[in-house]
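# Chain and residue survey
If you want the building blocks of each chain, they are given just below.
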Amino acid sequence: MKYSGAECKRNTTKGCVQGSIAGPTFWNLLLDPLLQELEDSHIHCQAFADDVVLIFSGDTALELESQINVSLARVSEWGTKNKLKFAPHKTNAMLLTNKLKYDTPRLRMGTTDIELVNEIKILGLIIDRKLTFQSHVAYVCKKAINIYKGLARAAKVTWGLNPEVVRTIYVAVIEPIILYASSAWVKAADKVYIKNQLNTVMRGFAQKICKAHKTVSMNSALILTGLLPLDLRVKEAASLYEAKKGKPQPVLKGRKVEERASPLQRPHPSQEIQLNFECLESEAEVQARMTDGAAHIFTDGSKIEGKVGSALSWWNSGNEVTCRKFKLEDHCTVFQAELYAVYRATELAKTRKETTLHVYSDSRSTLELLRGSDSSHQLAAKTKDNIACLSKKGKEVVLFWVKAHIGIEGNKRADVLAKEAALKKKTKADYDDYPVSFIKRMIREGTVDEWNRRYTKEDKANVTKIFFPDAVNAYRIRTKINVTPLHTQMFTGHGGFSEYLHRFKKKDSAACVCDPAVPETVPHILFDCPRFGKARFDISQILDIDINLNSAYLSDRICGNPYCMINRN
């Protein structure tokens, strides 16, 4: 290396070019013996790239000190043998205990003392010694607020960024920052000071999305934007993660979520078969394929009247040879039914003597999944295994996509069988794993119910509750409403109304023009002010109800069809 006229040389005995493609693989091969040695010594270790975490437990500081120092000495010795140097000055230790009085263990790595710290950052998650995660939440909230500050300068009430742009930034950037590793710190979301920090982040973004004034409450802003409180989103993300990892969930009633195929269960890339499919757009094209002497299997899946079924129909020489019907649980999806039918078709093919098999499906997404090389769906992995097994036996499996409802006899037959399986088959379900989409929907329903309980219980957003008395219905219809800044003022009461302007000393009087004794508020304008009597009469004729503030039925109708009233006003 040459610098400032001087030159320094040093021979390298081991290494890999930084950023090289093979570097991570070489490092894994090099580090694996150390991890195996630690595991054989019953030391809990976890590694990600070159970050290794060792976890020890003991009843006394002396016991911990003995275990850790012996292990660190073993690590240093392994590094010397492999011509690697660890960095003791970059190594930290943290003691987790509920004891009020305890001795501090003295830890050493080689000749360097290991520093005991109160916080450790591991893969972006800050863990404190009391496991409060307050520092982590403060850190991610600060990152989100810094993004908000830049955004706030370009998104004002009457001009600036489109609200949907702000929403996209919030959903795609802010939420992932906040929800990262939420399954580790989800319990902290119940604490008041954690909720307050999350609410501070969310309120600003919600106000920008609905173009509201800064004085609008968070409850009103969330109802108008269709967003959910961040502490509930944290719990939602944690529950979904746990469900995917196989942890029992109350909504599953003892059943499990559809498992993903482990990479270790799939064949080596060099041995994996490459699948493809051909598209048949007409009945004539299908008929041309059915004259070549091969066996033809038509598959289909159906969800009708809330029930799910799938079927296959096996044809030879233009005639149906056999058929199979399969019952799936009601919570299953049509995609699962389609994929399960193809899987059972390959299972049946293993028991038959035909050497060429044509499998027809009208589900393009199913065939695209099978064609992909990185599929982790359990049914797709099993289907591919079956096709590979058939290939080893000298049998050929060809996949076809056929257009549905164009008069193809086999496809129509499979469709009829799938509907019969869904509606008439009374046996135990052949397949009952919960799809991830079902879990997401159930968790989301629970989240919305909890948000509705808070919304109706808290004494906030009183003007907003005139239009949206129920957070569940408001969440459902929010996407149907194009909320403008003027609508936001009406829904919240924070805007160009005398009562609001007088409250912030922007106007001398809160009185309405129609009556000096009556303050000009949103309820007064909508239900009592004679200046808008004609518009009010027109709306009452459209809704076919008597418009007044005390009518619960009016609130239901407005919540069910608010856009009608908005436009008329």
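Each residue is numbered by its place in its chain's sequence as written, counting from 1. Local features in a predicted model are, by the rule used here, given only for residues with pLDDT of at least 70; side-chain atom pairs are given and counted only at 80 or more, and totals for whole chains, interfaces and linings are based on all residues. In computing side-chain values, all of the structure's heavy atoms are included and hydrogens and water are not.

### Considering the overall build of the protein chain
In plain terms, the rule: Every helix listed is a DSSP run of H or I at least four residues long, and every strand listed is a run of E at least two residues long, numbered separately from the N terminus. Radius of gyration here uses only the C-alpha atoms, and the compact-globule reference equals 2.2 Å multiplied by the residue count raised to the power 0.38. Relative accessibility decides the category of a residue: with a 1.4 Å probe and only protein chains considered, values under 20% of the type maximum give buried, values over 50% give exposed, and everything between is partly exposed. By definition, residues are in contact when any of their heavy atoms lie within 4.5 Å. Accessibility throughout is a Shrake-Rupley quantity obtained with a 1.4 Å probe, and a residue counts as covered only by protein chains that appear here.
When its secondary structure is counted, the protein chain shows 22 helices and 18 strands. Relative to a compact globule of 569 residues, whose C-alpha radius of gyration would be 25 Å, the protein chain shows 32 Å and is clearly more extended. Dimensions of the protein chain along its principal axes, counting C-alpha atoms only, are 90 × 80 × 55 Å. Looking at the 569 residues of the protein chain, the share that counts as buried comes to 42%. Put simply, 66% of the contacts in the protein chain that link residues at least 6 apart link residues at least 24 apart. For the protein chain, the accessible area works out to roughly 32,000 Å², and carbon and sulfur atoms hold 53% of it.

### Some remarks on the sheet that holds strand S14 (residues 319-328)
Two pairing modes exist for strands in a sheet, parallel and antiparallel, and in both the strands are linked by backbone hydrogen bonds. As a reminder, the rule being used: The rule for pairing is simple: two strands pair if DSSP sees at least two bridges between them. Lines are fitted to the C-alpha atoms to define the axes, a helix being fitted only along its stretch in contact, and any angle between axes, read from their N-to-C directions, falls within 0 to 180 degrees.
Ordered in space as S11-S16-S15-S12-S13-S14, the six strands form an open sheet in which the pairing is mixed. The strands lining the two open edges of the sheet, one partner per strand, are strand S11 (277-280) and S14. In this sheet, neighbouring strand axes are inclined to one another by 25° on average, regardless of whether the strands run parallel or antiparallel. The strands that helix H10 (residues 334-349) touches are strand S12 (295-304), strand S13 (307-316), S14 and strand S15 (356-361); relative to S12, the one it contacts most, it runs at about 155°.

### Section: the nonpolar core
Considering soluble globular proteins, one finds that nonpolar side chains tend to be buried as a cluster. Here is the rule: Residues enter a nonpolar core if they are buried and are Ala, Val, Leu, Ile, Met, Phe, Trp, Tyr or Cys, with the set joined through side-chain atoms within 4.5 Å.
Of all hydrophobic cores here, the largest spans 66 residues; its most connected members are Tyr170, Ile178, Phe205, Trp451, Phe467 and Phe468. Beyond its immediate chain neighbours, meaning those up to four positions away, Ile178 contacts Val140, Cys141, Ala144, Trp185, Leu198 and Leu230. If you look at the next biggest cluster of nonpolar residues, it comprises 30 residues, including Val308, Leu339, Ile387 and Leu399.

### Some words on the packing of aromatic side chains
Worth spelling out the cut-off: Between 30 and 60 degrees the pair is tilted, below 30 it is stacked and above 60 it is edge-to-face, where a pair is any two Phe, Tyr or Trp rings, Trp via its six-membered ring, whose centres lie within 6.5 Å.
For the structure on display, the rule yields 14 aromatic pairs. Here Phe298 and Trp315 contribute two aromatic rings whose centre-to-centre distance is 6.4 Å and whose plane-to-plane angle is 80°, an arrangement assigned as edge-to-face. Pair noted here: Phe298 is in strand S12 and Trp315 is in strand S13, with a separation of 17 residues, a long-range link. Connected via pairs of aromatic rings, a cluster forms that spans Phe298, Trp315, Tyr360 and Phe400.

### A few points about the environment of Val342
Inspection of the secondary structure assignment puts Val342 in helix H10. Note on Val342: relative accessible area 1%, which makes it buried. Each C-alpha atom, one on Val342 and one on Gln207, is 49 Å from the other, the two residues being 135 residues apart in sequence.

### Digging into the pairing of strand S18 (residues 515-519)
Inspection of the sheet shows strand S17 (residues 511-512) paired to S18 by two bridges, in the antiparallel sense. Counterpart to Ala511 in the pairing with S18 is Pro519. The antiparallel pairing of S17 with S18 creates a hairpin that spans two residues between the two strands.

### Description of the packing of helix H6 (residues 192-209) against helix H7 (residues 218-225)
The test is simple: Oblique is the label for every angle not falling under 35 degrees (roughly parallel), over 145 degrees (roughly antiparallel), or within 65 to 115 degrees (roughly perpendicular). Handedness of a helix crossing follows the sense of rotation of the near helix relative to the far helix, less than a right angle counterclockwise being left-handed and clockwise being right-handed. Only Asp, Glu, Lys and Arg are considered charged in this grouping, and only Ala, Val, Leu, Ile, Met, Phe, Trp, Tyr, Cys and Pro are considered nonpolar; every other residue, Gly among them, is considered polar.
Contact geometry for H6 and H7: axes closest at 9 Å, N-to-C directions at 50°. Regarding the angle of H6 to H7, the classification is oblique. The interaxial crossing formed by H6 with H7 has left-handed handedness. Contacts from Asn199, Met202, Arg203, Ala206, Gln207 and Ile209 of H6 reach H7 at Met218, Ala221, Leu222 and Thr225. Looking at side-chain class alone, the contact of H6 with H7 contains six nonpolar, three polar and one charged residues.

### Let's talk about the pairing of strand S4 (residues 51-55)
Relative to S4, strand S3 (residues 44-48) runs antiparallel, the two being bridged by five bridges. Counted as the bridge partner of Gln46 is Val53 from S4. With antiparallel pairing between neighbouring strands as the criterion, S3 and S4 make up a hairpin whose turn holds two residues, including Ala49 at a positive phi of roughly 55°.

### Structural notes on empty space enclosed by the protein
Applicable threshold: Definitions used throughout: a 1 Å grid over protein atoms alone; a cavity as a set of points that fits a 1.4 Å probe which cannot get out; a pocket as an open set with protein on both sides within 12 Å along at least five of seven lines; a lining residue as one with an atom within 4 Å of a point. Grid points are joined across faces, edges and corners, and a volume is the space filled by probe spheres set on the points.
According to the stated counting rule, one finds two cavities of 30 Å³ or more in the structure shown. By volume, the second largest cavity is sized at about 40 Å³. Of all the secondary-structure elements, those providing two or more residues to the lining of the second largest cavity are H7 and helix H16 (471-477).

### Re the state of the cysteines
Put simply, the rule reads: Criterion for a disulfide: a pair of cysteine sulfur atoms within 2.5 Å.
The tally for this structure, following the rule as stated, stands at zero disulfides. Cys141 forms no disulfide, and the closest cysteine sulfur to it belongs to Cys210, at a distance of 20 Å.

### Focus: the confidence of the model for the protein chain
The test is simple: What pLDDT expresses is the predictor's confidence in each residue, scored from 0 to 100.
Of all residues in the protein chain, 96% have pLDDT values of 70 or greater, and the mean over the chain is 88. Taken together, the stretch residues 552-556 has pLDDT below 50 and engages in eight contacts with residues farther than four places along the chain or on a different chain. Counting contacts from residues 558-569, a segment whose pLDDT is below 50, to residues more than four positions away or on other chains yields 27 contacts.

### Comments concerning the side chain of Glu236
The criterion, for reference: Side-chain atoms alone can form a polar contact between residues adjacent in sequence; in general such a contact is a pair of N or O atoms within 3.5 Å, and within protein one must be able to donate a hydrogen while the other accepts it.
In this fold, Glu236 is placed in helix H8 (residues 230-244). Given a relative accessible area of 7%, Glu236 falls into the buried group. Of the polar contacts made by the side chain of Glu236, one reaches the side chain of Arg233; its length is 2.5 Å. Aside from chain neighbours lying at most four places away, what touches Glu236 is Leu228, Ile443, Arg444 and Thr447.

### A closer look at the pattern of salt bridges
For the record, the criterion: A carboxyl oxygen of Asp or Glu within 4 Å of a side-chain nitrogen of Lys or Arg is what we treat as a salt bridge.
Applying the stated criterion to the full structure yields 27 salt bridges. Note that Glu420 is salt-bridged to Lys325, the shortest N-O span being 3.3 Å. Of this pair, Glu420 sits in helix H13 (residues 409-423) while Lys325 sits in strand S14, and the two are 95 residues apart along the sequence. Overall, Glu420 belongs to the partly exposed group, its relative accessible area being 24%. The salt bridge involving Arg503 is made with Glu499; its shortest N-O contact spans 3.5 Å. One end of the pair is Arg503 and the other is Glu499, both in helix H18 (residues 498-503) and four residues apart, which spans about a single turn. Judged by its relative accessible area of 44%, Arg503 is partly exposed. Taking relative accessible area as the criterion, Glu499 reaches 27% and is therefore assigned partly exposed. A network of salt bridges, in which partner residues are shared, links Glu175, Arg233, Glu236 and Arg444.

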